[in-house]
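# Residue-level structural notes
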Amino acid sequence: VQSVIQECSCPELIEGVFARTGRGGDHTVDVRVYLAEPEIRDSIMGTQEFTDRWRKASGEISGAERVRFESDAGGPGSGRALTVELSHRNVEILERASAELASELETFSVTRDVIDGYELGKRQVDFQILSRGKSLGLTATDIARQLRDAFYGREVVRQQRGRNEMKVVVKLPEDQRNSEYFLEEFLVRTPAGTDVPLREVVSSKDDRAYTSIVRRDGRRVVQVKADVTPRDQTSQVTNALRADKMP
């Protein structure tokens, strides 16, 4: 933002810059720039021109999986210019179709900030109970509850102090809760009262959770979206999709 201001020598154009955690979770960030009133803004540059310059000045942002620039957010006519909704009962087919459609949209010279509809969330570890764990009398629910108690905490007692009630929650120390080593070395209590390492009763794999899953009539629904600049070219892109790409 500062480079755009310096480039046009127009500090009066910017009224404020704010950054906050995005709606997708604390692994996302939303940066908003508020421009001056129209009588000042129109004599310098419009919101779309500012957005284009900001995009160019930002370049590639290291570590970011997806970056989107939008002008007039929340105003009349705001939102993505183009949205195509895909649906299928087979998730793998749906993922391939949305990825192919997103790739096709990126071939248009007027489309920008194309998303395939799969917004990945935080990194997570998925566990699946092994036959040895089952032979020891463990269930997936048992293991999940013990992990939750250790890392999220379990309420063990409530005490009354005057008019206030105090909850006592027990969990692992913070340094252990933030370490994958302690997760791998975690001991699971069996119904027989013995302890066994977690890695011996479950298999694990790294994964990413989707920020949201939408279904209609039992089918997963994905929306492939894109911005179109200039916006009045949206119908041409839509017609080309229907005639050449969607079949």
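First things first, this report covers the structure right here in the doc. Model, not experiment: these values are computed from the prediction.

### So, the pairing of strand β4 (residues 111-115)
Taken across its five residues, β4 has four buried, putting it largely inside the fold. Pairing between β4 and strand β12 (residues 219-228): three bridges, direction antiparallel. Bridge pairing links Arg-112 to Asp-227 in β12.

### Thoughts on the nonpolar core
Ranked by internal contacts, the top residues of the largest apolar core, which has 19 residues, are Leu-105, Val-237 and Leu-241. At the level of elements, β3 (82-88), α4 (91-105), β12 and α9 (234-245) are the ones that each hand at least two residues to this core. The contact partners of Leu-241, leaving out residues within four places of it in the chain, are Leu-82, Val-84, Leu-101, Leu-105, Phe-108, Met-246 and Pro-247. The next biggest cluster of nonpolar side chains, apart from the first, holds twelve residues, and it includes Leu-138, Ile-143, Ala-150 and Val-188.

### Thoughts on the pairing of strand β7 (residues 164-170)
With seven bridges connecting them, strand β6 (residues 154-161) and β7 associate as antiparallel partners. Within the sheet, the bridge partner assigned to Arg-161 lies in β7 and is Asn-164. In this antiparallel pair of consecutive strands, β6 and β7, the connection spans two residues, and Gly-162 shows a positive phi of 65°.

### With respect to the packing of aromatic side chains
Applying the stated criterion to the full structure yields five aromatic pairs. For the pair Phe-151 and Phe-186, a centre-to-centre distance of 6.1 Å together with 45° between the ring planes defines the contact as tilted. Of this pair, Phe-151 sits in helix α6 (residues 140-151) while Phe-186 sits in the loop between α8 (180-184) and β8 (187-189); the two residues are 35 residues apart in sequence, bridging distant segments of the chain. Assessed through its relative accessible area of 23%, Phe-151 is described here as partly exposed. Ring geometry for Tyr-181 versus Phe-182: centroids 5.4 Å apart, planes at 80°, classification edge-to-face. Connected via pairs of aromatic rings, a cluster forms that spans Phe-50, Trp-54 and Phe-69.

Analysis parameters
- Residues numbered from 1 in each chain as written.
- Predicted model: local features only at pLDDT ≥ 70, side-chain atom pairs only at ≥ 80, totals over all residues.
- Heavy atoms only, no water.
- Buried < 20%, exposed > 50% of the residue type's maximum accessible area, 1.4 Å probe, protein only.
- Helix = DSSP H or I, 4+ residues; strand = E, 2+ residues; numbered from the N terminus.
- Pairing = 2+ DSSP bridges.
- Core = buried A, V, L, I, M, F, W, Y, C linked by side-chain atoms within 4.5 Å.
- Contact = heavy atoms within 4.5 Å.
- Phe/Tyr/Trp six-rings, centres within 6.5 Å; stacked < 30°, edge-to-face > 60°.

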